[in-house]
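# Structural overview for review
Single-letter residue listing:
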Amino acid sequence: MNAPPIDPVAAHSDVVHWLTNGTRDERFIDNIFAELCVRLQRAGIPVKRASLHILIHHPQWLGARIVWADGMREAEISRVDYDVRERSEYIDSPANEIHDGATEVRENLARDPSLGRKHAVYDEMRAKGLTDYVAWPLYHTLGKQHIVTFATDQPGGFDGAHIAGLLKLLPALALVSEIRVKNRLARTLLETYVGSHASELILAGATRRGSGTTVRAAIMICDLRDFTRISDNWPRDDVIDLLNGYFDAMSEPIARHGGEILKFIGDGLLAIFPLSQPSACANLLHAVAEARQAMVALNEKNSGNGRAPLNYGIGVHVGDVMYGNIGSRSRLDFTVIGPAVNMASRLEALTKQLGRTVLLSRAFADLVASDFDLERVGEYPVRGFNDPIELFAYHG
């Protein structure tokens, strides 16, 4: 028995209904996009390849490219660098035409290539047997513009009904994608500014002032030496470049070993390693050792540019901290406070006085002494604390 013919109007209506009503529980736009393409095929629109190009706000990436092809269960996501617009593959691309104001880019891939435009992406699609390609801007609110593309291998390409069906789909796709992009943007911005763990808590609803929890953690505070002199005498852009290099050298090992940077304070940083991780204290010292190596490499690079080497101090303690929202009624900071944080700060200040780069409290040292070579420095008074504190140096 032959299958009944597809009613294109009803099938297209089903796709739009699914897109607007059936995707509420799906967080990720790449999953929605892949499912959309499969449903378009079932609706009689012969999509063989499709892509979604999204501009995002991220400290490292300009955007993301989501690509689906026939037979794929999941779409592929790749990140797009900020400098992509300076490269020939972008300059000679349909995306550039859309960003320059084109409301549609269409290419007959089946005709003689010499008669068409010379975009490299067209050659790639021809090599895969595709016959027709179309790209449209995808408009989000407040003038934000992204791009969606579709291609087919059907002889003769998309017909008028196919194109009309895809165009009718765009408003719903724009709404659904904007929600997911803004959700991802919120998550990215929070991760960028407050860290991954704090961002999860905030997104889960931990936004009330004074809300928080007590966490036992290893605390690390790092500060750059002579930064006031540097910032007073160096050109502004050089100071920013120096700080970024220093923070990269310190931060990347911390993140790699499970620590969380809660804030940058001028030329200093505050990070914690929660003791819920069994190896938190050891991980902190591994991070410090790698950061020291990174700083050696950075100083060698700076020396080649005629810059003086950077010196720094690190104070490390362990204890209970209050982890949560602190601030005014309208401006909060998600951070840690408590005597343990104050102790780490005092130890960092003592590194300069005692001529050590890294100082550990006895409380912290007791947790790692069997696995690391530590130098006992002695007992010293610490401002704000009644009793002298026994200190240890770590040379990594």
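Higher on the page you've got the structure.
Turning our attention to the pattern of salt bridges. Applying the stated criterion across every chain, the model contains 18 salt bridges. Across the pair arginine 111 and glutamate 107 runs a salt bridge whose closest N-O atoms are separated by 3.6 Å. Given the relative accessible area of 1%, glutamate 107 is considered buried. One salt bridge in this structure joins arginine 307 and aspartate 241, with 3.3 Å as the shortest N-O distance. Taken together, the residues span a long stretch of sequence, with arginine 307 in the loop between helix H10 (280–304) and strand E10 (312–327) and aspartate 241 in helix H9 (residues 236–256) at a distance of 66 residues. Taking relative accessible area as the criterion, arginine 307 reaches 16% and is therefore assigned buried. The structure contains a network of salt bridges with shared partners spanning Glu107, Arg111, Asp123 and Arg126.

We now examine helix H11 (residues 339–354). With 16 residues, H11 extends 22 Å between its outermost C-alpha atoms, agreeing within 8% with the 22 Å of an ideal straight helix rising 1.5 Å per residue. Within H11, burial applies to Ala340, Val341, Met343, Ala344, Leu347, Glu348, Leu350, Thr351 and Leu354. Note on H11: the residue one or two positions beyond its end, glycine 355, has a positive phi of about 70 degrees.

Let us now look at the layout of surface pockets. In this model, the second largest pocket occupies a volume close to 750 Å³. In terms of lining, the second largest pocket is formed by 35 residues, of which the most central are His53, Arg65, Ser93, Ala95 and Val121. Secondary-structure elements contributing two or more residues to the lining of the second largest pocket are strand E1 (49–55), strand E2 (61–69), strand E3 (76–81), helix H3 (88–91), helix H4 (94–99), helix H5 (120–127) and strand E6 (145–152). When residues of the lining of the second largest pocket are assigned to their parent elements, the largest contribution, 6 residues, is made by E2. Looking at the lining of the second largest pocket, its residues break down into 16 nonpolar, 10 polar and 9 charged.

Note on placement: serine 361 falls in strand E12 (residues 358–361). Owing to a relative accessible area of 1%, serine 361 belongs among the buried residues under this scheme. Filtering out sequence-adjacent residues up to four positions away, serine 361 remains in contact with Val316, His317, Val318, Leu347, Glu390 and Phe392.

Applying the stated criterion across every chain, the model contains 5 aromatic pairs. Between tyrosine 246 and phenylalanine 247, the ring centres sit 4.9 Å apart and the planes meet at 40 degrees, which makes this aromatic pair tilted. Of the residues examined, tyrosine 246 reaches a relative accessible area of 0% and is grouped as buried. Three or more aromatic residues joined by ring pairs form one cluster here, namely Tyr246, Phe247 and Phe264.

Right, let's get into unusual backbone geometry. For aspartate 226, which is not glycine, the phi dihedral falls at a positive 60 degrees. Here aspartate 226 lies in the loop between strand E7 (212–224) and helix H8 (227–233).

Once that is clear, we can look at the nonpolar core. In this structure, Tyr246, Met250, Leu284, Ile314, Leu360, Phe364 and Tyr394 are the most contacted members of the largest nonpolar core, which totals 43 residues. Setting aside residues no more than four positions away along its own chain, methionine 250 makes contact with Cys222, Leu269, Ala291, Met295, Tyr312 and Ile314. The next biggest cluster of nonpolar side chains, apart from the first, holds 34 residues, and it includes Phe33, Leu36, Leu138 and Val181.

In this section: the pairing of strand E8 (residues 260–265). Sheet topology places E8 next to strand E9 (residues 268–274); 5 bridges connect them, and they run antiparallel. Counterpart to isoleucine 261 in the pairing with E9 is alanine 271. Hairpin connection of E8 to E9: 2 residues between the antiparallel strands, including glycine 266 at a positive phi of 60 degrees.

To continue, consider the sheet that holds E2. With antiparallel pairing, the 6 strands of this open sheet are ordered in space as E3-E2-E1-E6-E5-E4. Each having just a single partner strand, E3 and strand E4 (105–108) make up the two edges of the open sheet. Averaged over neighbouring strand pairs, the angle between their axes works out to 15 degrees when direction is ignored. Pairing of E1 with E6, which is carried by 5 bridges, proceeds in the antiparallel orientation. Each bridged residue has a counterpart across the sheet, and for histidine 53 the counterpart in E6 is isoleucine 147. Sheet strands in contact with helix H2 (residues 29–42) are E1, E2, E3 and E6, and its direction is about 30 degrees off that of E2. The strands that H5 touches are E1, E4, strand E5 (132–139) and E6; relative to E4, the one it contacts most, it runs at about 45 degrees.

This brings us to the environment of phenylalanine 334. Looking at where phenylalanine 334 falls in the secondary structure, it is placed in strand E11 (residues 332–337). Taking the C-alpha atoms as reference points, phenylalanine 334 and valine 194, separated by 140 residues in sequence, lie 7.0 Å from one another.

Our next topic: H9. The end-to-end C-alpha separation of H9 is 30 Å, in line with the 30 Å expected for 21 residues at 1.5 Å each. Of all the bends in H9, the greatest, near 25 degrees, is centred on aspartate 248. Of all the residues in H9, the buried ones are Val239, Leu242, Leu243, Tyr246, Phe247, Ala249, Met250, Ser251, Pro253 and Ile254. Looking at the buried residues of H9, the elements they touch are E7, H8, E8, E9, H10 and E10. Two residues or fewer after H9 comes glycine 258, characterised by a positive phi angle close to 90 degrees.

Basis of the calculations
Residues numbered from 1 in each chain as written. Predicted model: local features only at pLDDT ≥ 70, side-chain atom pairs only at ≥ 80, totals over all residues. Heavy atoms only, no water. Salt bridge = Lys/Arg side-chain N within 4 Å of Asp/Glu carboxyl O. Buried < 20%, exposed > 50% of the residue type's maximum accessible area, 1.4 Å probe, protein only. Helix = DSSP H or I, 4+ residues; strand = E, 2+ residues; numbered from the N terminus. Expected span 1.5 Å × (residues − 1). 1 Å grid on protein atoms, 1.4 Å probe; cavity = no way out; pocket = protein on both sides within 12 Å on 5 of 7 lines; lining within 4 Å. Points joined across faces, edges and corners; volume = space filled by probe spheres on them. Nonpolar A, V, L, I, M, F, W, Y, C, P; charged D, E, K, R; others polar. Contact = heavy atoms within 4.5 Å. Phe/Tyr/Trp six-rings, centres within 6.5 Å; stacked < 30°, edge-to-face > 60°. Core = buried A, V, L, I, M, F, W, Y, C linked by side-chain atoms within 4.5 Å. Pairing = 2+ DSSP bridges. Axes fitted to C-alpha atoms, helices over the stretch in contact; angles between N-to-C directions. Bend = angle between axes of the 7 residues up to and from the residue.

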